[in-house]
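# Structure assessment
Letter by letter, the chains look like this.
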Amino acid sequence: MLRHQLKGARLRCSGKPVVTVQVRDVEKTPIKAKLVQSLCAVCRDLGVTVVAEGIETVPERDCIIELGCDLLQGYLLAKPGPAFPTFSWGG
């Protein structure tokens, strides 16, 4: 039995619709790559932006770009920053 998971596919409909996709080893798994490519094609036809989250390696980045994702996010591209400072309103 083949079982593959496309983790984190969500549709957000506030403002401009966005689909976020988080996959590991997409460049190593042809079925995952085909699912992402198909999702990107459908979203492009519907005017929905696709954000690939969790990009940690150069091969993942290159594969996701080739598959048609609109935006990328992840540790490879930007390390987490410091927490926002807390403010005290005097008192």
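Criteria and thresholds
Residues numbered from 1 in each chain as written. Predicted model: local features only at pLDDT ≥ 70, side-chain atom pairs only at ≥ 80, totals over all residues. Heavy atoms only, no water. pLDDT = per-residue confidence, 0-100. Helix = DSSP H or I, 4+ residues; strand = E, 2+ residues; numbered from the N terminus. Salt bridge = Lys/Arg side-chain N within 4 Å of Asp/Glu carboxyl O. Buried < 20%, exposed > 50% of the residue type's maximum accessible area, 1.4 Å probe, protein only.

This part covers the confidence of the model for the chain. It should be kept in mind that the predicted coordinates are not to be read in detail where pLDDT is low. Scored by pLDDT, the chain comes out at a mean of 81, with 81% of its residues at no less than 70. When mean pLDDT is compared element by element in the chain, helix α2 (residues 58-67) scores highest at 95, while strand β1 (residues 10-12) scores lowest at 52.

This structure, assessed with the given rule, holds 4 salt bridges. Of the charged contacts in the structure, one is a salt bridge between R24 and E56, with a shortest N-O distance of 3.2 Å. Placement of R24 in the loop between β2 (18-22) and α1 (30-46) and of E56 in the loop between β3 (49-53) and α2 is noted, with a sequence separation of 32 residues between them. Residue classification places R24 among the partly exposed positions, given a relative accessible area of 33%. E56 sits in the partly exposed class, given a relative accessible area of 45%. The partner of K28 in a salt bridge is D25, and the shortest N-O contact between them spans 3.7 Å. Classification of K28 by relative accessible area gives exposed; the value is 61%. Among the charged side chains, a salt-bridge network with shared partners connects R24, E56 and E60.

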